[in-house]
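Remarks on the overall topology
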Amino acid sequence: MNDELLFSEDEPIVFSDEHYMRMAIRQAEQAFQAGEVPIGAVIIHEGEVIAKSWNQVEMLKDATAHAEILALTQASAHLDRWRLHGCTLYVTKEPCPMCAGALVNSRIDRVVFGLGDDKGGGCGGAFSIHDHDGLLHKVPSQGQCCEEDCRLLIQSFFKMRRLAQKEKKSE
């Protein structure tokens, strides 16, 4: 048998974008279970997961408690710095303008999202905050990673919410 290692102990194992997006989807499922809009986020630094979060706007009664913002805060605490060079954010839905601005300000290297948002997205959907010429930093973004799974999760959530509202009105 060959004694060579498949992976060096000194190098992190690098997984695919889909692998990390599946982790973000699991975070979004937690949001769904908590009655929050099901958006999940994961931040990777040098192959290590350093932050995981999901929307907690209703739970925390905080309009800024988006999955991306909470994950950025965790990542900054983990690295003990606000500049998130060397990090990638995986998020199930295209970041809104607030979150896109926070990504730019954090100097994160890259964002990968699942479902695009033509009406309110800040990373190329409705706005292109992530690569605006007037800002000091640009964040490369890539969409459509596990897009159908992300879409189904959000559609299921809003379908369930509409049914609950309809039942409440008929009481």
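Here's what I pulled together on the structure shown here.

With that out of the way, let us pick up the overall build of the chain. Broken down by element type, the chain carries five helices and five strands. Moving toward the C terminus, one meets the helices and strands of the chain in the order α-β-β-α-α-β-α-β-β-α. Along the longest, intermediate and shortest principal axes, the C-alpha atoms of the chain span 70 × 50 × 25 Å. The proportion of buried residues among the 171 residues of the chain is 41%.

With seven of its seven residues buried, strand β3 (residues 87-93) lies for the most part within the structure. Of the strand pairs in this sheet, strand β1 (residues 40-45) and β3 are connected by five bridges, and their pairing is antiparallel. The partner of Ala 41 across the bridge, within β3, is Val 91. Each parallel crossover has a hand, and the one from β3 via helix α4 (residues 97-106) to strand β4 (residues 110-115) is right-handed.

Time to look at the pattern of salt bridges. For the coordinates displayed, the defined rule picks out seven salt bridges. Among the salt bridges present, the one from Asp 149 reaches Arg 22, with a minimum N-O distance of 2.4 Å. Of this pair, Asp 149 sits in helix α5 (residues 147-170) while Arg 22 sits in helix α1 (residues 17-33), and the two are 127 residues apart along the sequence. Residue Asp 133 is joined to Lys 138 by a salt bridge in which the shortest nitrogen-to-oxygen separation is 2.7 Å. Asp 133 gets classed as exposed once you look at its relative accessible area, which sits at 69%. We classify Lys 138 as partly exposed; its relative accessible area is 39%. Three or more residues are tied together by salt bridges with common partners; here these are Glu 18, Arg 22 and Asp 149.

Reading the values: rules and limits
- Residues numbered from 1 in each chain as written.
- Predicted model: local features only at pLDDT ≥ 70, side-chain atom pairs only at ≥ 80, totals over all residues.
- Heavy atoms only, no water.
- Helix = DSSP H or I, 4+ residues; strand = E, 2+ residues; numbered from the N terminus.
- Buried < 20%, exposed > 50% of the residue type's maximum accessible area, 1.4 Å probe, protein only.
- Pairing = 2+ DSSP bridges.
- Right-handed = clockwise from strand over helix to strand, strands pointing away.
- Salt bridge = Lys/Arg side-chain N within 4 Å of Asp/Glu carboxyl O.

Treat this as a map of the structure, not an account of what it does.
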